[in-house]
Amino acid sequence: MNDLELRLGPIAHGGHTVARHEGRVVFVRHGLPGELVRVRLTDTEPERRFWRGDVVEVLEGSPERREHVWAPADSLAAYAAGSVPVGGAEFGHINLAEQRRLKAAVVREQLSRLAHVTLDVEVEAVPFEATSDGAAHDDDGLHWRTRCSFAVDDEGRLAMHAHRSDAVVPIRDMPLAVQAIERLGLWDLDLSGVERVEVAAPASGETPLVVFTLAADLGSARLSALAEAVGDAASVSVVSARGGAPLTLHGRSAVSEQVGEYRYTVTGEGFWQIHRRAPEALMAAVLDAVGPELDEGAAAADLYAGAGLFTAPLAARVGTSGSVLSVEGSPGTSRDARRTFKRQRQVDVVQGRVERVLRQRAGQRLDAVVLDPPRAGAGREVVRQLVEAAPRAVAYVACDPASFARDLGWLLEAGWSLEWVRGLDLYPQTHHVETVALLKPGS
Ligand SMILES: C[S@@+](CC[C@H](N)C(=O)[O-])C[C@H]1O[C@@H](n2cnc3c(N)ncnc32)[C@H](O)[C@@H]1O
């Protein structure tokens, strides 16, 4: 089918604008509300109620449009060159203030539609710390990713996936990544035999960790060549094509992260917040929410705890006479938490699914809970268990406003109240948005 000329409607959850063609909805990426554009359809199955497409030409642009911050993700440039845009910066053509207004509109819309709550939520920028060279201080929405995941193309070049596609596009820069990742110059390496490359660069500036996941088993000479190619600039591990734990080729198997006075160990398998200022920003918001319930001796829970980002301040607040139940499903990440908290006897690190652990602990006192589920949200069963446990306050940290609004709707039905919700721009240049909310049970 030929391209379509479409007038773009409002922004929707998922990062696209909504347009219509002959009665059918078309979800269009890389545009802005109000624009008149030419759209290349990417998903047009005839029986589908809606189609998808990318903007390839702007006929009447929005005043909020600017030159894209990163060429491989620029839809206009990519299609003009006969390629496709990579995912990961689908808002890069929009000025930052407007990106945040659009994200706030999506949060408000989800809260209204799914939780029947009308609230004037804003999405705040996450302030960067001043650096001695001043380079990273500007709020330009760049150089924030301390975690990156790359593909490798058929010629062994570092690459990234196009959105909702198996297509991979080689890249030679990554301006969303912290400079420590850019400086590794992974795009100069021959990565033949590697399927995926994960990089973790601690915000402290300590040595990064590179994890190569192999496409097929490689001999020891090739593995040594890979480690040597990276050099001393990073620790290097490999994960065999058959899976299993990473094998350290060179340097350390983990990175250390420091957030305020707390120090954490995170291995190559472990979860950590991506934006370099996210840990501080989220910790502060969570403590604003549940801090007043965390007296010495209180019982707290950190659910979906990851490597224990929030477990540490909770443990400090409740002290040795209190308790913190820290629940994480991923074995590797939970192992990281166990390592970090092994000397803190008030912390109980449990590896398992939150729904199962809450069932086992039913009846146990809980004064305050931090809930930070993955994109799918906590779900009905966990919400039911929380209502039953009746803590005095819950800090709900959400990376998906739709699943958050759905869970919130159930809590409100159970008589809970939403005290406040804040939006944080932890993913500049993308449509993603983080929210933190304080929820309390009915009296
Ligand atoms: C958004 S992350 C938050 C981690 C941590 N709170 C942080 O900020 O670093 C969600 C975590 O939940 C874990 N997870 C996903 N589903 C789970 C489940 N059903 N039970 C327990 N943990 C789960 C994931 O492995 C991931 O570490």
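Computed from a predicted structure; not experimentally measured. (Residues numbered from 1 in each chain as written. Predicted model: local features only at pLDDT ≥ 70, side-chain atom pairs only at ≥ 80, totals over all residues.)

Enquirer: I keep staring at the overall build of the chain and nothing clicks. Help me out?
Expert: Looking only at helices and strands, one finds ten helices and 22 strands in the chain. Against the globule reference of 22 Å for 443 residues, the chain gives a C-alpha radius of gyration of 23 Å, in line with a compact fold. Based on the C-alpha atoms only, the size of the chain along its principal axes is roughly 65 × 60 × 45 Å. By the burial criterion, 46% of the 443 residues in the chain qualify as buried. Within the chain, residue pairs in contact and separated by at least 24 positions form 60% of the contacts whose partners lie at least 6 positions apart. (Helix = DSSP H or I, 4+ residues; strand = E, 2+ residues; numbered from the N terminus. Rg over C-alpha atoms; globule rule 2.2 N^0.38 Å. Buried ≥ 20, exposed ≤ 12 C-beta atoms within 10 Å, placed from the backbone. Contact = placed C-beta atoms within 7 Å.)

Enquirer: Just checking my understanding: could you explain the sheet that holds strand S4 (residues 36–43) for this structure?
Expert: Spatial ordering of the open sheet is given by S1-S4-S5-S3-S2, a layout of five strands whose pairing is mixed. In this open sheet, the two edge strands, each paired with only one partner strand, are strand S1 (4–7) and strand S2 (17–21). Ignoring strand direction, the axes of neighbouring strands in this sheet form an average angle of 45 degrees. The pairing of S1 with S4 spans four bridges and is classified as antiparallel. When the bridges of S4 are listed, Leu6 appears paired with Val37. (Pairing = 2+ DSSP bridges. Axes fitted to C-alpha atoms, helices over the stretch in contact; angles between N-to-C directions.)

Enquirer: Hey, could you run me through the site of the ligand in this one?
Expert: Taken together, 19 residues form the shell around the ligand, and within it Phe271, Tyr304, Gly306, Gly329 and Asp372 come nearest. Residue composition of the shell around the ligand, grouped by class: eleven nonpolar, five polar and three charged. (Near = placed C-beta within 6 Å. Nonpolar A, V, L, I, M, F, W, Y, C, P; charged D, E, K, R; others polar.)

Enquirer: Explain the UniProt feature "active site" (unreviewed entry) in the chain here, please?
Expert: UniProt tags Cys399 as "active site" (unreviewed entry). Checked against the element boundaries, Cys399 lands in the loop between strand S20 (393–398) and helix H10 (401–413). Apart from residues lying up to four places away in sequence, Cys399 is in contact with Arg375, His432 and Glu434. (UniProt positions renumbered as here; feature names shortened; annotations may be inferred.)

Enquirer: Even after reading the chapter, I still don't get unusual backbone geometry, so can you show me in this structure?
Expert: Glycine aside, the phi torsion of most residues is negative, and most peptide linkages are trans. If you check the backbone angles, His30 has positive phi at about 70 degrees while not being a glycine. Mapped onto the fold, His30 is located in the loop between strand S3 (24–29) and S4. Phi at Ala390 takes a positive value of approximately 50 degrees, unusual for a residue other than glycine.

Enquirer: I would appreciate a short explanation of the sheet that holds strand S12 (residues 235–239) in the present structure.
Expert: The strands making up a sheet associate through backbone hydrogen bonding, with each pair oriented either parallel or antiparallel. Pairing is mixed in the open sheet, where seven strands are placed in the order S9-S8-S7-S10-S11-S12-S13. One side of each edge strand has no neighbouring strand; the edge strands of this open sheet are strand S9 (168–170) and strand S13 (247–250). Pairwise comparison of adjacent strand axes, ignoring direction, gives a mean angle of 35 degrees for this sheet. As paired elements, strand S7 (residues 147–152) and strand S8 (residues 158–161) share two bridges and run antiparallel to each other. Counted as the bridge partner of Ala151 is Ala159 from S8.

Enquirer: Got a minute to help me understand the pairing of S4 in this structure?
Expert: A regular strand places its side chains on the two faces of the sheet in alternate fashion. For S4 and strand S5 (residues 50–60), the ladder comprises seven bridges, and the chain directions are antiparallel. Bridged to Arg40 within S5 is Asp54. Between S4 and S5, which pair antiparallel in sequence order, lie six residues.

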